[in-house]
Each structure stands twice: as structure tokens, then as C-alpha cells.
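# Descriptive structure summary
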Amino acid sequence: MLPRPRFPVTRNQTALTVAQIRPEACVALSVAAGIVAFFLLELASWHLAGGFEYPLDDVYIHLRMAEGIASGTYGINPGEPSSASSSALWPLLLVPLAAVSEGRYLPFALNLLSLIAVCALWGWGVARASLPSAITVIMAVAGPVALNTYGVAALGMEHMLQTALVLAMVLG
């Protein structure tokens, strides 16, 4: 048997109150959860690999495509056009830093920014859902972690940016 509430519950009220948590708090919780999980994964990867590396070779193919585009060829080999990338636009975003060695960190930075956008949009969507406050907090924190947003961002591929754009369109 459920315990009786201490205060009388009116007909328009339930024992679980609807969230009174500010949307900014949900966004902050979601972003913090995503960033913490992301950097914990990156630290573990750094420790295991002995340095920074992407887990898939596809990122390096995108980076090589960006170098090719910067030198005038859409492809990996100079003067030999080819579509070696899984995305037509992602290598174009990598072109600005293709000529410098630090350009290999551009996919990392773009994915970190996209992760922040996805987590912020998730938190905003959870805040708009009119859930009980405890469920709102749990969803804001657990969502980015349970949906493996940090793992997708760590790949260095275009998927996190695509997720952010789709989530922005869905939430309007």
C-alpha cells in the first residue's frame, strides 16, 4: 500500500509534481554529462594508445581528402579524382587546416562542438517534456551517456554534426 501524502492532493495535482526545473539547468546538466563522459573516454584512450589517435581509419581518409581538395583534386591521390569519403561535405569542413599538422585535431574539435550542441538540444528537449522533476534530472544526465553521444563524438567522423542538425530540425 502506498503511503498517504503529507499534504492533501487536489484533483488537479498528482503526488509527482511536474518539472519546475529551468531549461537552462537541464541544458547545463546534459552538456556536463556529455563532456565528462567524452573526456573520460578520451583519457582512457590516451592511456591505452599512448597518445592521441582516432579509433577508425576513416578520419585519416577524410583528412587526406581535405589535403587533396586543398591542392585542387577531389580525391586522395594528386590528379586522380575519386570519392573515397563517406561524406561529400565533411572533408570540405576540414580543408581550412589541411596544410598544417594541427589539422588532424580539427575533427576532434568539430566533434566536441557538435557533442555540446547535441547535449544542449537534448537537455532543452527534456526540459520541454513536462516530466516530473526527478525524471527530468535523470533524463537530462542519463540521456547523453546512455545514447553514447560521447562515443560517437570520439570517432572523429561526421555523425555527431549530422545528429546535431537533425535534432535541431526535430525540436524546431
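Please refer to the structure placed before this passage.
Quantities reported herein were computed from a predicted structural model and do not represent experimental measurements.

## With respect to the overall build of the protein
Each helix and strand counted, the protein has seven helices and zero strands in total. Written out in order from the N terminus, the α and β elements of the protein read α-α-α-α-α-α-α. Here the protein has roughly 10,600 Å² of accessible surface; of this, 68% comes from carbon and sulfur atoms.

## With respect to the packing of aromatic side chains
Tallied over the full model, the rule gives six aromatic pairs. Residues Phe52 and Tyr105 carry aromatic rings whose centres are separated by 5.3 Å and whose planes lie at 45° to one another, so their mutual orientation is tilted. Of the two residues, Phe52 sits in the loop between helix H1 (23-49) and helix H2 (58-70) while Tyr105 sits in the loop between helix H3 (90-94) and helix H4 (106-128), which places them 53 residues apart along the sequence. With relative accessibility at 38%, the residue Tyr105 sits in the partly exposed group.

## Re helix H5 (residues 133-146)
Taking 1.5 Å per residue as the helical rise, H5 with its 14 residues ought to reach 20 Å, and the 19 Å between its terminal C-alpha atoms agrees with that figure. At Ala140, H5 shows its maximal bend, which comes to roughly 25°, and the proline Pro144 appears one to four places after that position. Among the residues of H5, Thr136, Ala140, Gly143 and Pro144 are the ones counted as buried. Along its buried surface, H5 packs onto H1, H4 and helix H6 (149-154). One or two residues past the end of H5 sits Asn148, with phi positive at roughly 60°.

## Considerations on a nonpolar patch on the surface
Taken together, the side chains of Leu165, Val166, Met169 and Val170 define a hydrophobic patch exposed on the protein surface, amounting to about 440 Å² of accessible area. You can see Met169 is positioned in helix H7 (residues 159-171).

## Here we look at the environment of Ser45
Mapping Ser45 onto the fold places it in helix H1. Not counting the four nearest positions on each side in its chain, Ser45 is found in contact with Gly50 and Gly51.

## Quick look at the packing of H4 against H5
Describing two packed helices takes the angle between their axes plus the distance from one axis to the other. Across the interface, H4 lies against H5 with an axial gap of 9 Å and an inter-helix angle of 155°. As the angle between them shows, H4 and H5 are arranged roughly antiparallel. The handedness of the crossing between H4 and H5 comes out as right-handed. Between H4 and H5, the residues in contact are Cys119, Trp122 and Val126 and Thr136, Met139, Ala140, Gly143 and Pro144, respectively. Taken together, the residues of the contact of H4 with H5 sort by class into six nonpolar, two polar and no charged.

Parameters and conventions
- Throughout this description, residue numbers start from 1 for each chain and increase along the sequence as written.
- Where local features are concerned, this predicted model is filtered to residues with pLDDT of at least 70; where side-chain atom pairs are given and counted, the filter is 80 or more; whole-chain, interface and lining totals use all residues.
- The basis for every side-chain value is the complete set of heavy atoms in the structure, and neither hydrogens nor water enter the calculation.
- Elements are defined by DSSP. Helices are runs of H or I of four residues or more, strands are runs of E of two residues or more, and each kind is numbered from the N terminus.
- We get accessible surface area from the Shrake-Rupley algorithm with a probe of 1.4 Å; when it comes to residues, only the shown protein chains can shield them.
- Centres within 6.5 Å make a pair out of two Phe, Tyr or Trp rings, where for Trp the six-membered ring is used; the pair is then stacked when the planes are under 30 degrees apart, edge-to-face when over 60, and tilted otherwise.
- To sort residues, take the accessible area from a 1.4 Å probe on protein chains only and compare it with the maximum for the residue type: under 20% means buried, over 50% means exposed, and anything in between is partly exposed.
- What a helix is expected to span follows from its residue count: subtract one and scale by 1.5 Å.
- To get the bend at a given residue, fit one axis to the seven residues ending there, fit another to the seven starting there, and take the angle between those axes.
- When checking whether two residues touch, look at their non-hydrogen atoms; a contact exists if any pair is within 4.5 Å.
- Patch building starts from residues that exceed 30% relative accessible area and form no salt bridge, then joins like charges within 9 Å and nonpolar side chains (Val, Leu, Ile, Met, Phe, Trp, Tyr) within 5 Å.
- A carboxyl oxygen of Asp or Glu within 4 Å of a side-chain nitrogen of Lys or Arg is what we treat as a salt bridge.
- Fitted lines through C-alpha atoms give the axes, limited to the stretch in contact for helices. The angle between two N-to-C directions lies from 0 to 180 degrees.
- Angular relationships are summarised with four words: roughly parallel below 35 degrees, roughly antiparallel beyond 145, roughly perpendicular across 65 to 115, and oblique for the angles in between.
- Crossing handedness is read from the near helix: turned anticlockwise from the far helix by less than a right angle, it gives a left-handed crossing, and turned clockwise, a right-handed one.
- When residues are sorted by character, Ala, Val, Leu, Ile, Met, Phe, Trp, Tyr, Cys and Pro go into the nonpolar class, Asp, Glu, Lys and Arg into the charged class, and all the rest, Gly among them, into the polar class.

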